[in-house]
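Survey of secondary and tertiary structure
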Amino acid sequence: MFFARKLMSLAYFFIAIASFVCVAVPASAEVRDFYIVTVHYDGKTNAKGDATHKPEPFPAKPFESGQGMWVKGPEANGDWAVRAFVFDPSHVTVMQGDDVRLHFVGIHGGSHQISVEGVENPVTVKRGTTMTVSFKAAKPGIVTFVCTDHPPSMRGQVVVLARN
Ligand SMILES: [Cu+2]
């Protein structure tokens, strides 16, 4: 009986140690893979209306057109169009210490030169190919990535959360 009680308390002791170890050791850093697709959103309408749109006048104050976003028109037949380049997803989240791998996937647009903050060399992703940028998320904060061909809309952020 005494021996059995001794054995039980020994078992409880090891269970207590094991649960302490499980709680006390933080989850280890991981490799985080993201597939980030190049996308452009397109809109097309007509000032006079057409089969699928009510008449929609060209805006009196359209947003400023550039490489990443533009408003074009109206054509003689009333057509006008808009476009914006973006990354999808444009925000991803990792934990401090993780090894981050951003796989940029060229779907829309022929070519994109992409720079990731803190990574020396930009990459160029062509349609139908992928380019990968890898880095360690050493400290908490935000790491910005941009396409220098399509400002201002084609940009994104890696949010690095502090590991306690
Ligand atoms: Cu681009």
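1. Side note on the environment of Pro-122
Inspection of the secondary structure puts Pro-122 in the loop between β6 (111-116) and β7 (123-126). Measuring from C-alpha to C-alpha, the distance between Pro-122 and Cys-147 comes to 9.3 Å, with 25 residues separating the pair along the chain. Excluding residues within four positions of it along the chain, Pro-122 makes contact with Gln-113, Ile-114 and Ser-115.

2. Focus: the sheet that holds strand β4 (residues 91-95)
By definition, the strands of a sheet pair up through backbone hydrogen bonds, in either a parallel or an antiparallel sense. In space, the five strands of this open sheet follow the order β4-β10-β9-β6-β7, with mixed pairing throughout. The two strands at the open ends of the sheet, each matched to only one other strand, are β4 and β7. Each neighbouring strand pair of the sheet contributes to a mean axis angle of 25°, computed without reference to strand direction. Direction of pairing for β6 relative to β7: antiparallel, over a ladder of four bridges. Residue pairing in the sheet places Ile-114 in a bridge with Val-123 of β7.

3. Remarks on the nonpolar core
One broad trend across soluble globular proteins is that nonpolar side chains are buried collectively. If you look at the biggest cluster of nonpolar residues, it comprises 19 residues, and the most contacted ones within it are Leu-102, Ile-114, Met-154 and Val-158. For this core, the elements supplying multiple residues, two or more each, are β3 (79-88), β5 (99-105), β6, β9 (141-147) and β10 (155-161). The leading source of residues in this core is β9, at four residues. Among residues more than four places away in sequence, those in contact with Met-154 are Gly-68, Phe-85, Val-86, Phe-87, Val-146 and Cys-147.

4. Observations regarding the sheet that holds β5
Spatially, five strands are ordered β2-β3-β1-β5-β8 in an open sheet, and the strand pairing comes out mixed. Whereas interior strands pair on both sides, the edge strands pair on one side only; in this sheet they are β2 (69-72) and β8 (130-136). Each neighbouring strand pair of the sheet contributes to a mean axis angle of 15°, computed without reference to strand direction.

5. Digging into unusual backbone geometry
The peptide bond linking Gly-73 to Pro-74 adopts the cis configuration, its omega dihedral lying at -5°. Position of Pro-74 among the secondary structure elements: in the loop between β2 and β3. Each neighbour pair has its own omega, and for Pro-151 with Pro-152 the value is 0°, a cis peptide bond.

6. Some thoughts on the pairing of β9
Note that β6 and β9 share three bridges and pair antiparallel. The residue bridging Ile-114 from the neighbouring strand is Cys-147, located in β9.

7. What about the environment of Glu-117?
Mapped onto the secondary structure, Glu-117 falls in the loop between β6 and β7. By C-beta crowding, Glu-117 is classed as partly exposed, having 13 other C-beta atoms within 10 Å. When the C-alpha atoms of Glu-117 and Thr-144 are compared, they prove to be 5.4 Å apart, with 27 residues separating the residues in sequence. Setting aside chain neighbours within four positions, we find Glu-117 in contact with Val-143, Thr-144 and Phe-145.

The rules we used
Residues numbered from 1 in each chain as written. Predicted model: local features only at pLDDT ≥ 70, side-chain atom pairs only at ≥ 80, totals over all residues. Helix = DSSP H or I, 4+ residues; strand = E, 2+ residues; numbered from the N terminus. Contact = placed C-beta atoms within 7 Å. Pairing = 2+ DSSP bridges. Axes fitted to C-alpha atoms, helices over the stretch in contact; angles between N-to-C directions. Core = buried A, V, L, I, M, F, W, Y, C linked by C-beta atoms within 7 Å. Buried ≥ 20, exposed ≤ 12 C-beta atoms within 10 Å, placed from the backbone.

Purely spatial values, then, with no claim about function.
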